[in-house]
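The chain contents come next:
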Amino acid sequence: MEYRADVRAKFRELKILTYRSQYIFSCLVYVNCNFQQYVSHNQIHNYKTRNKENVLIDQTRLQKSRFSLNYYAPKFFNTLNNDVKHYTTLKLKTSYKKT
């Protein structure tokens, strides 16, 4: 490979996660392991809404605190399909590595 060449295709070929992908994956595993610490919409009300499986994101007063794991981890977790949200940690790890 040449100096300063695009490595995205090479990472896919070698099945290596980029730094950003590794951070997102770590956030997903963190929320999955510590799901009992978070409050979801279905714990607040009994309405059958499409976002009932989503985790509530804590409100932050300062912009600086939005760079923490407590803000972005639930946000990434809410983007998953509802079926994937109920995976065990082991199944989440194996399904992520297959893709």
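Just so it is clear, the structure is predicted and the values come from calculations on it, not from any experiment.

Caption draft 1: Just helix 2 (residues 19-33), in detail. Along its 15 residues, helix 2 runs 21 Å from first to last C-alpha, staying within 8% of the 21 Å computed at 1.5 Å per residue. Turning to helix 2, its buried residues are Phe25, Cys27, Leu28, Val29, Val31 and Asn32.

Caption draft 2: Highlighting the nonpolar core. Counting 11 residues, the largest nonpolar core is built from Phe25, Cys27, Leu28, Val29, Val31, Tyr38, Val55, Ala73, Phe77, Val84 and Leu92. Listing elements by their share of this core, those giving two or more residues are helix 2 and helix 4 (69-78). The element best represented in this core is helix 2, accounting for five residues. If sequence neighbours within four positions are ignored, Phe25 has contacts with Leu92, Lys93 and Tyr96.

Caption draft 3: Quick look at the pattern of salt bridges. In the structure shown here, the tally under the stated rule is one salt bridge. Measuring nitrogen to oxygen at the nearest pair gives 3.6 Å for the salt bridge that ties Lys10 to Glu13. You can see Lys10 and its partner Glu13 sitting in helix 1 (residues 8-14), three residues apart, about one turn around the helix. Judged by relative accessible area, Lys10 falls into the partly exposed class, the value being 33%. Among the residues examined, Glu13 registers a relative accessible area of 56% and is labelled exposed.

Caption draft 4: Seen up close, helix 4. Along helix 4, the residues classified as buried are Tyr71, Ala73, Pro74, Phe77 and Asn78. Those residues of helix 4 hidden inside the fold are in contact with helix 2 and helix 5 (82-85).

Caption draft 5: A look at the packing of helix 2 against helix 4. Direction vectors running N to C along helix 2 and helix 4 enclose 90°, while the axes themselves pass 8 Å from each other. As far as their axial angle goes, helix 4 and helix 2 are roughly perpendicular. From helix 2, Tyr23, Ile24, Cys27, Leu28, Tyr30 and Val31 reach across to helix 4, where they touch Leu69, Asn70, Tyr72, Ala73, Pro74, Phe76 and Phe77. Here the residues of the contact of helix 2 with helix 4 sort into 12 nonpolar, one polar and no charged.

Rules behind the numbers
- Note on numbering: residues in each chain are counted from 1, in written sequence order.
- Under the rules for a predicted model, residues below a pLDDT of 70 receive no local features and side-chain atom pairs below 80 are neither given nor counted, while totals for whole chains, interfaces and linings still include all residues.
- To obtain the side-chain values, all non-hydrogen atoms of the structure were used and water was disregarded.
- Working definition: helices are DSSP H or I runs of at least four residues, strands are E runs of at least two. Numbering for both runs from the N terminus.
- A helix is expected to span 1.5 Å for every residue after the first.
- Between buried and exposed lies partly exposed: a residue is buried under 20% and exposed over 50% of the maximum accessible area for its type, with that area taken using a 1.4 Å probe on protein chains only.
- As used in this record, nonpolar core signifies buried Ala, Val, Leu, Ile, Met, Phe, Trp, Tyr and Cys residues forming a set joined through side-chain atoms within 4.5 Å.
- The contact criterion used is simple: two residues touch if any of their non-hydrogen atoms lie within 4.5 Å.
- What makes a salt bridge here is a side-chain nitrogen of Lys or Arg within 4 Å of a carboxyl oxygen of Asp or Glu, nothing more.
- A fitted line through C-alpha atoms represents every axis, and for helices the fit uses only the stretch in contact; the resulting angles, taken between N-to-C directions, go from 0 to 180 degrees.
- By definition in this entry, angles of less than 35 degrees are roughly parallel, angles greater than 145 are roughly antiparallel, angles of 65 to 115 are roughly perpendicular, and the rest are oblique.
- Residues are grouped as follows: nonpolar covers Ala, Val, Leu, Ile, Met, Phe, Trp, Tyr, Cys and Pro; charged covers Asp, Glu, Lys and Arg; every other residue, Gly included, is treated as polar.

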